[in-house]
Amino acid sequence: MRRDGLRTARLIALLLPAALLAGAWGSQLFGLVPCEMCHWQRWPHYAAIPVAALAFAPLPRPVQMLFVLLAGALIAVSGAIGVFHAGVEYHWWQGITACTAPVGHGDAMDLLNQALRRPLVRCDVPQWTLFGISLAGFNAILSLGGAVAIFALVPRKARR
């Protein structure tokens, strides 16, 4: 059964970030444009895929478990960024990027120049929601849930 747990954890670690990235790219085909924080959420998934793939290599079992745990940690990082981004979208807290900053004060030309330097896609406004949950919220839920499943499935021996 322990081998089944590791096998399942490896599959989740490989397929979950691949599916989430495919969904993100697919949403772009339907007209959604990623903001800066959307891209931040993708980077840990990009890193998790090759790390998870290494867990399938013919390596000693403890090394495979290490790669699965590392992939799970990367997936959790994406989920944490998703929580932050969703919080910005729901206006629970302020964002830290130019795409969430309010327009500054000054004369009309300064305001126009500020607006032209900012991205057209706002990080603090969800472009799409389902049941009140934005894409950032779904990434947070799926990534953190997947990371918890990975950590729970890896045999305890590997964590010592």
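Note that residues are indexed from 1 along each chain, following the sequence as it is written. It should be noted that, the model being predicted, local features are given only for residues of pLDDT at least 70 and side-chain atom pairs only at 80 or more, the latter also being counted only at that level, while totals for whole chains, interfaces and linings use all residues. Values shown for side chains rest on all heavy atoms present in the structure; no hydrogens or waters enter the calculation.

Peer 1: Account for the overall build of the chain, with residues named and values stated.
Peer 2: Put simply, DSSP marks the helices as runs of H or I at least four residues long and the strands as runs of E at least two long, and each gets a number from the N terminus on. Check the secondary structure of the chain and you find five helices and two strands. The helix and strand sequence of the chain, counted from the amino end, reads α-α-α-α-β-β-α. Only protein chains enter the calculation, and the probe is 1.4 Å; a residue is then buried if its accessible area is under 20% of its type maximum, exposed if over 50%, and partly exposed in between. By the burial criterion, 38% of the 160 residues in the chain qualify as buried. Across the chain, the fraction of contacts at a sequence separation of at least 24, relative to all contacts at a separation of at least 6, is 73%. As displayed, the chain has an accessible area near 9300 Å², and 71% of this comes from carbon and sulfur atoms. The contact definition used throughout considers only heavy atoms, calling two residues in contact when any of these lie within 4.5 Å. Note that accessible areas follow from Shrake-Rupley with a 1.4 Å probe, and for residues the cover is restricted to the protein chains shown.

Peer 1: Account for the packing of helix α3 (residues 61–89) against helix α5 (residues 135–153), naming residues and giving values.
Peer 2: Orientation of α3 relative to α5, taken along the N-to-C sense of each, is 155°, at an axis distance of 7 Å. As the angle between them shows, α3 and α5 are arranged roughly antiparallel. In the crossing of α3 with α5, the sense of the turn from one axis to the other is left-handed. Residue polarity is assigned by list, with Asp, Glu, Lys and Arg as charged and Ala, Val, Leu, Ile, Met, Phe, Trp, Tyr, Cys and Pro as nonpolar; anything else, Gly included, falls into the polar class. When the residues that make up the contact of α3 with α5 are grouped by side-chain class, the tally is 14 nonpolar, eight polar and one charged. Helix axes use the C-alpha atoms of the stretch in contact, all axes being lines fitted to C-alpha atoms, and the angles between their N-to-C directions lie in the range 0 to 180 degrees. For classification, angles of less than 35 degrees are called roughly parallel, those exceeding 145 degrees roughly antiparallel, those between 65 and 115 degrees roughly perpendicular, and all remaining angles oblique. Crossing chirality is assigned from the near helix's rotation relative to the far helix, an anticlockwise turn below a right angle marking it left-handed and a clockwise turn marking it right-handed.

Peer 1: With reference to specific residues and values, describe the packing of aromatic side chains.
Peer 2: Two aromatic rings from Phe, Tyr or Trp, using only the six-membered ring of Trp, form a pair when their centres are within 6.5 Å; if the ring planes differ by under 30 degrees the pair is stacked, by over 60 it is edge-to-face, and anything between is tilted. Scanning the model with the defined rule gives five aromatic pairs in all. Pairing Tyr-90 with Trp-92 gives two aromatic rings, centres 5.2 Å apart and planes at 45°, and the pair type is tilted. Exposure remark for Tyr-90: the relative accessible area of 27% places this residue in the partly exposed category. Where Trp-92 meets Trp-93, the ring centres are 5.9 Å apart and the plane angle is 65°; that geometry is what we call edge-to-face. On the basis of relative accessibility, which here comes to 57%, the residue Trp-92 falls in the exposed class. Note on Trp-93: relative accessible area 37%, which makes it partly exposed. Grouping aromatic residues by their ring pairs yields a cluster made of Phe-84, Tyr-90, Trp-92 and Trp-93.

Peer 1: Kindly report on the environment of Asn-139, identifying the contributing residues and their values.
Peer 2: By the secondary structure assignment, Asn-139 is in helix α5. Along the sequence, Asn-139 and Gln-41 sit 98 residues apart, while their C-alpha atoms lie 8.1 Å from each other. In this structure, Asn-139 is in contact with Leu-20, Gln-41, His-45, Ser-78, Gly-79, Gly-82 and Leu-144, ignoring residues within four places of it in sequence. Polar contacts involving the side chain of Asn-139 include one to the side chain of Ser-78, which spans 3.2 Å. A 3.5 Å cut-off defines polar contacts: any pair of N or O atoms within that distance qualifies, except that in protein one atom must be a possible hydrogen donor and the other a possible acceptor, and neighbouring residues in sequence count only when both atoms are side-chain atoms.

Peer 1: Give a description of the nonpolar core that names residues and reports values.
Peer 2: We define a nonpolar core as any set of buried Ala, Val, Leu, Ile, Met, Phe, Trp, Tyr and Cys residues linked to one another through side-chain atoms lying within 4.5 Å. Grouped together as the largest cluster of nonpolar side chains are 18 residues, with contacts concentrated most on Ala-9, Ala-13, Val-68, Ala-71, Ile-75, Ile-150 and Val-154. Contributions of two or more residues to this core are made by α1 (2–29), α2 (36–54), α3 and α5. Residue contributions to this core peak at six residues, all from α3. If sequence neighbours within four positions are ignored, Ala-71 has contacts with Ala-13, Ala-48, Val-51 and Ala-52.

Peer 1: Before we move on, could you go through α5 and cite the residues and values that matter?
Peer 2: Given a rise of 1.5 Å per residue, 19 residues ought to cover 27 Å, and the 26 Å separating the end C-alpha atoms of α5 matches this to within 8%. Of all the residues in α5, the buried ones are Ala-136, Gly-137, Asn-139, Ala-140, Ser-143, Gly-146, Ala-147 and Ile-150. By this rule, a helix spans an expected 1.5 Å times one less than how many residues it contains.

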